[in-house]
There are 2 protein chains.
Amino acid sequence: MAGTDKTRPSLTGGPAIILIEPQLGENIGATARAMLNFGLTDLRMVRPRDGWPNPAAAATAAGAVAVLEGARVFSATEDAVAGLHHVLAVTARLRDSVKAVLTPREAGPLMRRWESAGEGVGLLFGPERAGLNNDDVALADTVLTIPANPAFSSLNLGQAVLLLAHAWYQSGSAPAPTRPVEDLGPPATKDQLVSLFEHLEAELDKAGFFLPAQRRKAMVRNLRNMVQRFGLSELDASALRGIIRALVGSKGQD
Amino acid sequence: MAGTDKTRPSLTGGPAIILIEPQLGENIGATARAMLNFGLTDLRMVRPRDGWPNPAAAATAAGAVAVLEGARVFSATEDAVAGLHHVLAVTARLRDSVKAVLTPREAGPLMRRWESAGEGVGLLFGPERAGLNNDDVALADTVLTIPANPAFSSLNLGQAVLLLAHAWYQSGSAPAPTRPVEDLGPPATKDQLVSLFEHLEAELDKAGFFLPAQRRKAMVRNLRNMVQRFGLSELDASALRGIIRALVGSKGQD
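Thresholds, definitions, all that
- Residues numbered from 1 in each chain as written.
- Chains lettered and ligands numbered in written order.
- Predicted model: local features only at pLDDT ≥ 70, side-chain atom pairs only at ≥ 80, totals over all residues.
- Heavy atoms only, no water.
- Helix = DSSP H or I, 4+ residues; strand = E, 2+ residues; numbered from the N terminus.
- Buried < 20%, exposed > 50% of the residue type's maximum accessible area, 1.4 Å probe, protein only.
- Areas by Shrake-Rupley, 256 points an atom, 1.4 Å probe, with all protein chains shown as cover.
- Pairing = 2+ DSSP bridges.
- Axes fitted to C-alpha atoms, helices over the stretch in contact; angles between N-to-C directions.
- Right-handed = clockwise from strand over helix to strand, strands pointing away.
- Phe/Tyr/Trp six-rings, centres within 6.5 Å; stacked < 30°, edge-to-face > 60°.
- Lys NZ or Arg CZ within 6 Å of the ring centre and 35° of its normal.
- Core = buried A, V, L, I, M, F, W, Y, C linked by side-chain atoms within 4.5 Å.
- Contact = heavy atoms within 4.5 Å.
- Polar contact = N/O pair within 3.5 Å; in protein donor to acceptor, adjacent residues only side chain to side chain.
- Expected span 1.5 Å × (residues − 1).
- Salt bridge = Lys/Arg side-chain N within 4 Å of Asp/Glu carboxyl O.
- Nonpolar A, V, L, I, M, F, W, Y, C, P; charged D, E, K, R; others polar.
- Left-handed = near helix turned anticlockwise from the far one by under 90°.

## Description of the overall build of chain A
Step number 1: A count of helical and extended segments in chain A gives ten helices and seven strands.
Step number 2: Here chain A holds 254 residues, and 55% of them are scored as buried.
Step number 3: Summing over all exposed atoms, chain A offers an accessible surface of approximately 10500 Å²; the carbon and sulfur share of this is 54%.

## Comments concerning the sheet that holds strand β5 (residues 100-102) of chain A
Residues and elements named next belong to chain A.
Step number 1: In spatial order, the strands read β3-β2-β1-β6-β4-β7-β5; together these seven strands make up an open sheet with parallel pairing. Only two strands of the sheet have a single partner each, and these edge strands are β3 (72-74) and β5. Averaged over all adjacent pairs, the angle separating strand axes in this sheet is 25 degrees, with direction ignored.
Step number 2: The pairing of β5 with strand β7 (residues 142-144) spans three bridges and is classified as parallel. Pairing of leucine 102 across the sheet is with leucine 144, part of β7.

## So, the pairing of strand β2 (residues 43-46) of chain A
When a strand is regular, its side chains alternate between the sheet's two faces.
All names here are of chain A.
Step number 1: Side chains Leu43 and Met45 project from β2 onto one buried face, and the interleaved Arg44 and Val46 project onto a second face that is buried too.
Step number 2: Note: strand β1 (residues 16-20) against β2, four bridges, orientation parallel. Directly across from isoleucine 18, in β2, lies its bridge partner arginine 44.
Step number 3: The β-α-β motif built from β1, the intervening helix α1 (residues 25-37) and the parallel element β2 has right-handed crossover chirality.
Step number 4: Two elements, β2 and β3, share three bridges in a ladder whose sense is parallel. Directly across from methionine 45, in β3, lies its bridge partner valine 73.

## Things to note about the packing of aromatic side chains
The geometry of an aromatic ring pair is captured by the separation of the ring centres together with the interplanar angle, meaning the angle of the planes.
Step number 1: Within this structure, the stated rule accounts for five aromatic pairs over all chains.
Step number 2: Seen from their ring centres, phenylalanine 209 of chain B and phenylalanine 210 of chain B are 5.4 Å apart, and the 75 degrees between their planes marks the pair as edge-to-face.
Step number 3: The ring of tryptophan 168 of chain A is capped by arginine 112 of chain A, whose NZ or CZ atom sits 3.7 Å from the centre of that ring.

## Focus on the nonpolar core
Step number 1: Counting residues in each nonpolar core, the largest one holds 80 residues, and the members touching the most others are Leu43 and Phe125 of chain A together with Leu43 and Phe125 of chain B.
Step number 2: Considering each element in turn, this core owes the most residues, nine residues, to helix α7 (residues 157-170) of chain B.
Step number 3: The residues contacting phenylalanine 125 of chain A, other than those within four sequence positions of it, are Ile17, Ile18, Leu19, Ile20, Val90, Leu132, Leu157, Ala160, Val161 and Leu164 of chain A.
Step number 4: Residues Leu193, Ile244 and Leu247 of chain A together with Val220 of chain B belong to the second largest nonpolar core, which totals 44 residues.

## Quick look at the sheet that holds strand β2 (residues 43-46) of chain B
All names here are of chain B.
Step number 1: Taking strand neighbours across the sheet as the criterion, the seven strands line up as β3-β2-β1-β6-β4-β7-β5 in an open arrangement whose pairing is parallel. Every interior strand has two partners, whereas the edge strands, β3 (72-74) and β5 (100-102), have only one. Taking the axes of each pair of neighbouring strands and ignoring which way they run, one obtains an average angle of 25 degrees across the sheet.
Step number 2: Of the strands in this sheet, β4 (86-90), β5, β6 (121-125) and β7 (142-144) touch helix α5 (residues 104-116), which is tilted by about 110 degrees from β5.

## Quick notes on the side chain of asparagine 27 of chain A
Residues and elements named next belong to chain A.
Step number 1: Residue placement: asparagine 27 occurs in helix α1.
Step number 2: On the basis of relative accessible area, asparagine 27 is assigned to the buried category, the value being 8%.
Step number 3: Reaching out from asparagine 27, the side chain makes a polar contact with the side chain of glutamate 128 at a distance of 2.9 Å.
Step number 4: Residues in contact with asparagine 27, not counting those within four places in the same chain, are Glu128, Asn156 and Leu157.

## Some points on α1 of chain A
Step number 1: End to end, α1 of chain A covers 18 Å across 13 residues, agreeing with the expected 18 Å (1.5 Å per residue, within 8%).
Step number 2: Taking burial as the measure, the 13 residues of α1 of chain A include twelve buried ones, the bulk of the element.
Step number 3: Of the residues making up α1 of chain A, those classed as buried are Gly25, Asn27, Ile28, Gly29, Ala30, Thr31, Ala32, Arg33, Ala34, Met35, Leu36 and Asn37 of chain A.
Step number 4: Of the surrounding elements, those touching the buried residues of α1 of chain A are β1, β2, α2 (55-61), α3 (65-69) and α7 (157-170) of chain A together with α7 of chain B.
Step number 5: A positive backbone phi angle near 80 degrees is found at glycine 39 of chain A, which sits one or two residues after α1 of chain A.

## Digging into the interface of chain A and chain B
Step number 1: Counting residues at the interface gives 64 residues for chain A and 60 residues for chain B.
Step number 2: Linking chain A with chain B are one salt bridge.
Step number 3: Measuring nitrogen to oxygen at the nearest pair gives 3.0 Å for the salt bridge that ties arginine 229 of chain A to aspartate 236 of chain B.
Step number 4: Inspection of the chain A/chain B interface yields 17 residue pairs in polar contact (both at pLDDT 80 or more).
Step number 5: Broken down by secondary-structure element, the contributors of at least two residues to the side of chain A that touches chain B are α1, α5 (104-116), α7, α8 (190-206), α9 (216-229) and α10 (234-249) of chain A.
Step number 6: The biggest single contributor to the side of chain A that touches chain B is α10 of chain A, with nine residues.
Step number 7: Classifying every residue of the side of chain A that touches chain B gives 36 nonpolar, 16 polar and twelve charged.

## Points about the environment of glycine 249 of chain B
Step number 1: In this fold, glycine 249 of chain B is placed in helix α10 (residues 234-249).
Step number 2: Residues glycine 249 of chain B and glycine 51 of chain B, 198 residues apart in the sequence, show an inter-C-alpha distance of 75 Å.

## Description of the pattern of salt bridges
Residue and element names in this part refer to chain B.
Step number 1: Following the criterion strictly, the structure yields 18 salt bridges over all chains and no others.
Step number 2: Among the ionic pairs, arginine 49 bridges to aspartate 50, the shortest N-O distance being 3.1 Å.
Step number 3: Accessibility expressed as a relative area gives 44% for aspartate 50, which makes it partly exposed.
Step number 4: A salt bridge links arginine 216 to aspartate 205; the shortest N-O distance between them is 2.7 Å.

## Some words on the packing of α9 of chain A against α10 of chain B
Step number 1: One way to put it is that α9 of chain A packs onto α10 of chain B with a least axis distance of 12 Å and a crossing angle of 115 degrees. By crossing handedness, the relation of α9 of chain A to α10 of chain B is classed as left-handed. Facing Leu223, Met226 and Arg229 of chain A of α9 of chain A, the residues of α10 of chain B in contact are Asp236, Ala239, Leu240 and Ile243 of chain B.
Step number 2: Among the residues making up the contact of α9 of chain A with α10 of chain B, the classes are represented as five nonpolar, no polar and two charged.

Following this line, the structure appears as structure tokens:
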């Protein structure tokens with residue numbers, strides 16, 4: 001469970017690090033150490049393989065135990081990203097995704113800019129062997145890839161976290177670019193987006209849109225990826241839900 | 001002993017990584033992996049604590065065994081740096097030294113410049129606990145420090161190697177971040193957008209969405225502005241029209 005602010009190190013801030021199904025406690029510990037080296041403290045895990053807490057993590061955390069103690073565990077990625085405004089999926093594989101693809105150096109200043117606008121940022125890391133699955137990537141609005149030796153591009157989990165934490169730390173002195181003149185209001189949080197997805201998908205199910213049934217999963221993923229790209233604000237998400245309600249609600253009035 | 005060029009990975013080049021009295025085989029393995037991730041292959045060690053080869057190193061090298069097999073062991077730092085033109089001492093402590101102090105980001109391009117002039121470059125890392133001693137630092141012409149959280153600045157050895165290897169790789173002609181593999185296709189033309197608007201607005205009119213009537217004009221404008229911001233492709237526009245049809249089409253099926 002989340003530690004209180006009092007138990008957390010004072011150098012808070014920066015993106016949440018979200019490990020999906022991490023396998024090795026040693027890597028969780030290395031992640032905590034790498035985070036604290038660069039001032040990050042918000043560690044979240046989804047279904048860690050060996051449960052939590054994990055004694056193997058403390059050994060490699062090397063003093064970053066406060067990060068481990070403050071870590072939060074979730075049973076679903078959707079819950080782990082709820083409340084965040086920007087989620088970046090860290091993956092070595094460039095998928096047939098239609099999201100923006102950034103490097104750590106590009107992501108650093110962007111994360112700072114979001115932060116200074118009061119918007120929550122999270123970085124998603126997949127399990128050691130398999131990496132992120134497509135459903136988890138579909139919850140992200142941006143893909144982050146670490147350019148590396150094409151012949152040996154697989155980074156250790158803790159090492160990947162380190163590079164991103166360092167990129168964030170390093171970009172600290174960058175001046176915050178100004179917001180667009182016409183303020184769109186805050187971007188939708190991920191739980192608002194997921195609610196929108198589920199609302200739309202439920203109505204489309206009723207309408208028999210996702211047919212044949214074996215294609216439903218892929219169609220849902222494509223739909224979510226498309227809507228993620230829209231860059232919806234809170235107001236947009238709410239407007240779209242109103243539109244969906246109006247379109248289906250007119251049924252009874254015919 | 002040094003491997004032949006044939007046994008080394010093809011992506012050679014870059015600075016030599018020189019570990020002074022490394023203690024843990026795991027860290028030597030992590031170093032080899034981090035090196036190969038970013039195309040470095042020249043690993044040198046001075047008096048590794050547990051001798052060499054070290055089976056614990058292979059476990060964490062995760063496939064970067066060619067780097068371990070090509071590693072060279074020396075009994076003195078002087079021998080390890082012989083033949084190099086530039087030696088950078090990596091240390092968290094900024095000493096009372098009169099050497100230039102660089103960050104990884106600054107050192108990256110400099111190492112590249114030296115290399116392209118045919119000059120050999122090496123990075124010195126001290127033992128896990130103590131770090132470099134002053135005699136070893138004295139063999140360096142430059143001090144390299146990694147800015148980190150002042151309250152928790154001690155990086156794991158393999159992590160420190162990773163950041164430097166990454167800084168070197170990044171400063172090269174690393175290929176620009178790739179665009180999404182699957183092209184989004186051409187953006188929707190304005191007439192396609194207008195068709196989408198009119199389709200949606202007609203359905204929303206039927207649903208009584210634009211009420212009261214005197215607000216219709218402003219509501220339509222807001223809706224169009226929102227959808228313009230989505231940056232729709234042709235395929236997106238067509239998908240959205242399919243969704244609208246499905247949502248309203250379900251009327252008849254109730």
